[in-house]
Amino acid sequence: MEQYVIKGGNPLVGEVEIGGSKNAALPILAAALMTDETVYIENMPDVFDTNVLLKAIESIGVIVKRTGRHSVMINAGNINSVIITDENIKKIRAAYYPTGAMLGKYKEAQVPLPGGCDIGCRAIDQHIKGFKALGADVVIEHGLIKTKAERLVGTHIYMDCVSVGATINVMMAAALAEGTTIIENAAKEPHVVDLANFLNSMGANIKGAGTDVIRIKGVVKLPGTEYTIIPDQIEAGTFMFAAAVTKGDVTVKNVIPKHLESITAKLMEIGCEIEESDDCMRVVASKRLKPTHVKTLPYPGFPTDMQPQIAVALAMAQGTSIVTESIFENRFKYVDELTKMGANIKVEGNTAIITGVSHYTNANIQAPDLRAGAALVTAALTADGFSVVDEIRFIERGYEDFHLKLQNLGAQIERVSSEKEIQKFKLRIG
Ligand code: EPZ
């Protein structure tokens, strides 16, 4: 089983190129099913989740050609089924996106229920509510979401909670429905906007993405397109917080600073210096970090996907901080692991009360999920001595070449698959 072995102590210094957004790529790859023509996608991250989704759509006859590590050509003109049975797709949350895409185009889809990181209940009632409002029948049977419609007709949908997945799924189905659909209380995340831009580049008529109200005027057919995915807000934020945790000086390149506003605001509050240019952001952390309070919220609030990363930083700040998780109820699973490294964190319900310690100590730890795994790596990068991080498959779901990018910033980290390799690393690093 693959692990990272890390010798902490080096501040991260240098520049890191941020890849395409995983959470934009996943719906965009699914939405490529909505046209019979060819779609060319650039800046696609080469990570587990995108690769699983590509394999799943290939399994129903979609032609997928990788034209480069980050570019793919997709043609769904000749699919042989609207039923995805691919086993692997159950492992990812984005399993639900082909449902909205195929329901829109073929008025029918059967797709396994989504999996993904175990960070909370992750209901799909709002997806189902949206599909039904458009006129589809939806049943869940034998682990599949089965949905079918004679016709989809535009309607007014009020989302009971702000959901990225439900907003995206309903937007896809509505793009090929008859008439106009209005989604109220829509999610405003950058990846929701990116999907709307992608669909509009194929001739869809979607207005208001990025606000609470999205208006979708259905069209009959979508042609192909060429599209470049936006940079990954969370990958960028993770490296920015890694700079803060390791008292480093890191410039994240190829980012959209607007998407990082809530992240940079918190970094400044805890005492980091930030320099912003058109598509770069430099984070310099030279002093002990200051405590703060933070609550995760839908965009433009502080992202839940950055909660473990900020907590790792605050657990080394001088004083007490409070972190409130308002999106997922099970997103503090990393606290036990961080405690092994000397952190002082008390979790009460959806709140973590963090009393900063001066440093972390090395330990053998496990990544409990994607973002928490990445955050624990940043803690190990600043701990004295050698740490081993287990279950890195979670991290590789959403970070491309994480250890290589960290190595380029001066981190002593290696991806290993045996005890022998760990020993070799220890001998080499000393
Ligand atoms: C997306 O998950 C992301 N995943 C998550 O990123 C991210 O944490 C989350 O949005 C919030 O930003 C992908 O894009 C693949 P939601 P999603 O629907 O769509 C409740 C990462 O680390 N809810 O916005 O599943 C739900 O329980 C991952 O990259 C319902 O109650 O999240 C949660 O409390 C982890 N009913 C809240 O809404 C529904 O029908 C937000 O969920 C749908 C959601």
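Every value quoted in this text rests on a predicted model; they were computed, and no experiment measured them.

> Go over helix 2 (residues 48–58) with me, naming the residues and quoting the values.
Within helix 2, the full set of buried residues consists of Asp49, Thr50, Val52, Leu53, Leu54, Ala56 and Ile57. Where helix 2 is buried, its residues touch helix 1 (22–31), strand 4 (63–68), strand 5 (71–75) and helix 3 (97–106).

> Which residues make up the layout of surface pockets, and what values do they have?
Space inside the largest pocket adds up to approximately 980 Å³. Lining of the largest pocket is provided by 44 residues; of these, Arg122, Val164, Gly165, Ile327 and Phe328 occupy positions nearest its centre. Across the lining of the largest pocket, the residue classes tally to 22 nonpolar, 11 polar and 11 charged.

> How would you sum up helix 5 (residues 164–175)? Please name residues and give values.
The end-to-end C-alpha separation of helix 5 is 17 Å, in line with the 16 Å expected for 12 residues at 1.5 Å each. For helix 5, a buried count of 11 out of 12 residues is recorded, marking the element as mostly surrounded by other parts of the structure.

> Describe the pairing of strand 13 (residues 225–228), and please don't skip the residues or the numbers.
Side chains Thr225 and Tyr227 project from strand 13 onto a buried face, and the interleaved Glu226 and Thr228 project onto a face without burial. Where strand 3 (residues 38–42) lies against strand 13, four bridges are found, and the strand directions are parallel. If you follow Glu42 over to strand 13, its bridge partner there is Thr228.

> A description of the packing of helix 3 against helix 5 should follow, citing residues and the corresponding values.
Look at helix 3 against helix 5: their axes get within 7 Å of each other, and the N-to-C directions meet at 20°. The angle between the axes of helix 3 and helix 5 places the two elements in the roughly parallel class. Taken as a pair, helix 3 and helix 5 cross one another with a handedness that is right-handed. Taking contact as the criterion, the partners of Tyr97, Thr99, Gly100, Ala101, Leu103 and Gly104 in helix 3 are, on helix 5, Val164, Gly165, Ile168, Asn169, Met172 and Ala173. Looking at the contact of helix 3 with helix 5 residue by residue, the class counts come to seven nonpolar, five polar and no charged.

> Account for the sheet that holds strand 18 (residues 320–324), with residues named and values stated.
Strand order in the open sheet formed by four strands is 17-18-20-19, and the pairing between neighbours is mixed. Two strands close off the open sheet at either side, each with one partner strand: strand 17 (293–295) and strand 19 (344–348). Averaged over all pairs of adjacent strands, the angle between strand axes in this sheet comes to 15°, irrespective of strand direction. Bridging between strand 19 and strand 20 (residues 351–355) involves five bridges; their strand directions are antiparallel. Bridging from a neighbouring strand, Val347 pairs with Ala352 of strand 20. Across the sheet, helix 9 (residues 307–314) is in contact with strand 17, strand 18 and strand 20; its angle to strand 18 comes to roughly 170°.

> I'd like to hear about the sheet that holds strand 9 (residues 156–158), residue by residue, with values.
Pairing within the open sheet is mixed, and its four strands lie in the order 9-10-12-11. Only two strands of the sheet have a single partner each, and these edge strands are strand 9 and strand 11 (205–207). Averaged over neighbouring strand pairs, the angle between their axes works out to 15° when direction is ignored.

> I'd love a proper account of the nonpolar core, names of residues and values included.
Counting 75 residues, the largest nonpolar core has Phe198 and Leu199 as its most contacted members. Not counting residues within four places of it along the chain, the set of residues in contact with Phe198 comprises Ile28, Ala31, Ala32, Val39, Ile41, Thr225 and Tyr227. Within the second largest apolar cluster, 70 residues are counted, among which are Val16, Leu338, Ala343 and Ile413.

> An account of the site of the ligand is requested, with residue identities and associated values reported.
Residues in contact with the ligand amount to 24 residues; listed here are only the nearest, Gln126, Ser163, Val164, Asp305 and Ile327. Between the ligand and the protein, one listed contact pairs an oxygen atom with a side-chain N or O atom of Asn23 at 3.1 Å. In this structure, Tyr96 approaches the ligand through a side-chain N or O atom, which is 2.7 Å from an oxygen atom. For the ligand, whose unbound accessible area comes to 820 Å², protein coverage reaches 90%.

> Just give me the short version of the packing of helix 7 (residues 233–245) against helix 9, but keep the residues and values in it.
Look at helix 7 against helix 9: their axes get within 9 Å of each other, and the N-to-C directions meet at 5°. One way to sum up the angle between helix 7 and helix 9 is to call them roughly parallel. Residue-level contacts link Ile234, Thr238, Phe241 and Val245 of helix 7 to Gln309, Ile310, Val312 and Ala313 of helix 9. Split by residue class, the contact of helix 7 with helix 9 holds six nonpolar, two polar and no charged.

> I'd like a rundown of the packing of aromatic side chains, residues and numbers included.
Taken as a whole and assessed by the stated rule, the structure comprises seven aromatic pairs. Ring geometry for Phe241 and Phe302: centres 6.5 Å apart, planes at 90°, overall edge-to-face. Taken together, the positions of Phe241 in helix 7 and Phe302 in the loop between strand 17 and helix 9 put the pair 61 residues apart, joining distant regions of the chain. For Phe241, a relative accessible area of 1% gives the class buried. Phe302 gets classed as buried once you look at its relative accessible area, which sits at 5%. Ring centres of Tyr399 and Phe402 lie 4.8 Å apart, and the angle between their planes is 40°; this geometry places the pair in the tilted category. Comparing Tyr399 with Phe402 shows no difference in burial state: the two are buried. Members of the aromatic cluster, connected to one another through ring pairs, are Phe239, Tyr399 and Phe402. In this structure, Arg393 packs its charged tip against the face of Phe394, placed 4.4 Å from the ring centre.

> Just give me the short version of the environment of Val377, but keep the residues and values in it.
Locating Val377 in the fold gives a position in helix 11 (residues 370–382). Placed 234 residues apart in sequence, Val377 and Gly143 show a C-alpha to C-alpha distance of 34 Å. Contact partners of Val377, with chain neighbours within four places excluded, come to Tyr4, Ile6, Val389, Ile395, Phe402, Leu406 and Ile413.

Scoring rules and cut-offs
- Residues numbered from 1 in each chain as written.
- Predicted model: local features only at pLDDT ≥ 70, side-chain atom pairs only at ≥ 80, totals over all residues.
- Heavy atoms only, no water.
- Buried < 20%, exposed > 50% of the residue type's maximum accessible area, 1.4 Å probe, protein only.
- Helix = DSSP H or I, 4+ residues; strand = E, 2+ residues; numbered from the N terminus.
- Contact = heavy atoms within 4.5 Å.
- 1 Å grid on protein atoms, 1.4 Å probe; cavity = no way out; pocket = protein on both sides within 12 Å on 5 of 7 lines; lining within 4 Å.
- Points joined across faces, edges and corners; volume = space filled by probe spheres on them.
- Nonpolar A, V, L, I, M, F, W, Y, C, P; charged D, E, K, R; others polar.
- Expected span 1.5 Å × (residues − 1).
- Pairing = 2+ DSSP bridges.
- Axes fitted to C-alpha atoms, helices over the stretch in contact; angles between N-to-C directions.
- Parallel < 35°, antiparallel > 145°, perpendicular 65-115°, else oblique.
- Left-handed = near helix turned anticlockwise from the far one by under 90°.
- Core = buried A, V, L, I, M, F, W, Y, C linked by side-chain atoms within 4.5 Å.
- Near = heavy atom within 4 Å.
- Polar contact = N/O pair within 3.5 Å; in protein donor to acceptor, adjacent residues only side chain to side chain.
- Areas by Shrake-Rupley, 256 points an atom, 1.4 Å probe, with all protein chains shown as cover.
- Phe/Tyr/Trp six-rings, centres within 6.5 Å; stacked < 30°, edge-to-face > 60°.
- Lys NZ or Arg CZ within 6 Å of the ring centre and 35° of its normal.

Fair warning: the whole summary comes from geometry, so function is off the table for now.
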